[in-house]
Amino acid sequence: MGARPTPERLSLLVGLVVVMLATLPRYLVGDHGNRFNLMLMALPLVGLVAVLQWRLLDSAGRSGLPRLLGRLGLCLLAGLAGMGAWHGLFSDFVGWELWVSHGATLGLLLHAITLWVRPLSQE
């Protein structure tokens, strides 16, 4: 368990917080009270872990974080566009809540795949 904190892990944690926030309207509108409450309980814990990871990063790791967060933002936008196209072509419009939730999830998945293929330390 001697893994060091890395900016890549922190960017994934930030993406996870974004995905969790993006699912809240979906659970609220869909009347999924239990899932909504569980998400509200888990959000501060994931946020706390992200803050602790940030505090444990060295200065070199912190300097690479803005670039990774920019990549995360682009992946989230690509995920929203991809899910918008998917829902537009292959399903009836189901509401913005589902589109945002699915788009954020796809964006985080794209970000994780780009980190796996080419981490920041290799750029």
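For the structure itself, consult the block above.
Below you will find a few notes about this structure. All values reported here derive from a predicted model rather than from experimental measurement. (Residues numbered from 1 in each chain as written. Predicted model: local features only at pLDDT ≥ 70, side-chain atom pairs only at ≥ 80, totals over all residues. Heavy atoms only, no water.)

Points about the overall build of the protein
- Along its length, the protein carries four helices and zero strands.
- For the protein, the N- to C-terminal ordering of α and β elements is α-α-α-α.
- Expressed as lengths along the three principal axes of its C-alpha atoms, the size of the protein is roughly 45 × 30 × 20 Å.
- Buried residues in the protein amount to 36% of all 123 residues.
- Long-range pairs, those at least 24 residues apart, make up 75% of the contacts in the protein with a sequence separation of at least 6.
- Of note, the protein has its 9 positive side-chain charges centred 12 Å away from the centre of its 6 negative side-chain charges. (Helix = DSSP H or I, 4+ residues; strand = E, 2+ residues; numbered from the N terminus. Buried < 20%, exposed > 50% of the residue type's maximum accessible area, 1.4 Å probe, protein only. Contact = heavy atoms within 4.5 Å. Lys, Arg positive; Asp, Glu negative; His and termini not counted. Charge placed at Lys NZ, Arg CZ, Asp CG, Glu CD.)

Some details on the environment of A112
- Positionally, A112 belongs in helix α4 (residues 96-117).
- Given a relative accessible area of 30%, A112 falls into the partly exposed group.
- Once the C-alpha coordinates of A112 and R9 are considered, the two residues, 103 residues apart in sequence, prove to be 9.4 Å apart.

Quick look at the side chain of T23
- One can find T23 in helix α1 (residues 7-29).
- Apart from residues lying up to four places away in sequence, T23 is in contact with M39 and S101.

Topic: the nonpolar core
- Core analysis: the largest hydrophobic core is formed by 13 residues, its most contacted members being L10, M20, L24, M39, L43 and V46.
- For this core, the element with the most residues is α1, which contributes six residues.
- Residues V19, A22, L72 and L108 belong to the second largest nonpolar core, which totals six residues. (Core = buried A, V, L, I, M, F, W, Y, C linked by side-chain atoms within 4.5 Å.)

Details of the environment of S59
- Looking at where S59 falls in the secondary structure, it is placed in helix α3 (residues 59-90).
- Here the alpha-carbon distance between S59 and D92, two residues 33 residues apart in the chain, equals 48 Å.

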